[in-house]
Amino acid sequence: DPDRKTEVVLLACGSFNPITNMHLRLFELAKDYFHETGKYKVIKGIISPVGDAYKKKGLISANHRVTMAKLATKNSDWVEVDDWESSQSEWLETLKVLRYHHQKLLPPDATNSLEDAVPLTKLGQKRKREPNRHKPIKKKNQSPDIKSVPQVKLLCGSDMLESFGIPNLWKLEDITEIVEKHGLVCISRAGNNVQKFIYESDILWRHKNNIHLVEEWITNDISSTKIRRALRRGQSIRYLVPDVVRAYIEKNNLYSPESEDRNAGVVLAPLQKYASDSKN
């Protein structure tokens, strides 16, 4: 049936330090966009806060960031928070998080019974041994069933897309697999030059059909950085974050000049990892 819509799961990775109304808006904008194409049905949104091992300056504990995200989405009927990524002891590449969520959506019969016996948390180690584990599946049960596996697409703002250009922040082959096998949904301000950025990148250009650009006409310039700055200065953040999040921050006294100095002078996990890789 050609009218069958492709199911999509939207995955947002990031610090969520703290989660803001802007983060939540990204999901709504992306969902509207996909539904307006008439080809897709968004069945779920997943917020996956980065773990503490990411070592970003000012990053407060994952436990608080996950709790705030859960409070923020408590009354959403389709966006949820997943703490698998944040509970890992090491920093995980975004691609691995995408693969993990893709894996979780595969029907049980797509994997043999031995796989089913392996708890999900073990997937990480398992995948290292068999990097192409989910590729052969597609050959067995051709296209009709494949359509029934929802596509996990990475939801991001234009800043994340442009971070692909920062040396040693992303592995080239990871970017390739993300856009080739999963896809990107990029929310950008009206007039933002994301198209130009895609045009100037050969990898992104080659897979531009798998990069969905969504224009944000009701501009929203709230950022976690600005929220933390206001909090350090004792200014109100009401109407910028959900009220439950604001209350949680106040109750736990989360953001201060001290918390902003956490990880100061520490090199970001991906930069540490890839810079040392390129030396070897």
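Scoring rules and cut-offs
Residues numbered from 1 in each chain as written. Predicted model: local features only at pLDDT ≥ 70, side-chain atom pairs only at ≥ 80, totals over all residues. Heavy atoms only, no water. UniProt positions renumbered as here; feature names shortened; annotations may be inferred. Salt bridge = Lys/Arg side-chain N within 4 Å of Asp/Glu carboxyl O. Helix = DSSP H or I, 4+ residues; strand = E, 2+ residues; numbered from the N terminus. Axes fitted to C-alpha atoms, helices over the stretch in contact; angles between N-to-C directions. Parallel < 35°, antiparallel > 145°, perpendicular 65-115°, else oblique. Left-handed = near helix turned anticlockwise from the far one by under 90°. Contact = heavy atoms within 4.5 Å. Nonpolar A, V, L, I, M, F, W, Y, C, P; charged D, E, K, R; others polar.

In the annotation of an unreviewed UniProt entry, the entry for the protein reads Nicotinamide-nucleotide adenylyltransferase, and the organism field reads Sclerurus mexicanus. Recorded under Sequence similarities (unreviewed entry), the UniProt text for the protein is reproduced unchanged: "Belongs to the eukaryotic NMN adenylyltransferase family." UniProt, in the comment section headed Subunit (unreviewed entry), describes the protein in these words: "Homohexamer. Interacts with ADPRT/PARP1."

1. So, the pattern of salt bridges
Summed over all chains, the structure comprises 17 salt bridges. Note that D52 is salt-bridged to R65, the shortest N-O span being 3.1 Å. Of this pair, D52 sits in the loop between β2 (40–49) and α2 (62–72) while R65 is found in helix α2, placing the two residues 13 residues apart along the sequence. What you see here is one network of salt bridges that share partners, running through E93, K96, K171 and K273.

2. Observations regarding the packing of α2 against helix α13 (residues 243–252)
Angle between the axes and distance between the axes are the two parameters that describe a pair of packed helices. In the contact formed by α2 and α13, the axes pass within 8 Å of each other and the chain directions differ by 150 degrees. In terms of orientation, α2 and α13 fall into the roughly antiparallel class. Crossing hand, α2 versus α13: right-handed. Between α2, through H64, T67, M68, L71 and A72, and α13, the contact on the second element is made entirely by V244, V245, Y248, I249 and N252. For the contact of α2 with α13, the per-class residue count stands at 7 nonpolar, 3 polar and no charged.

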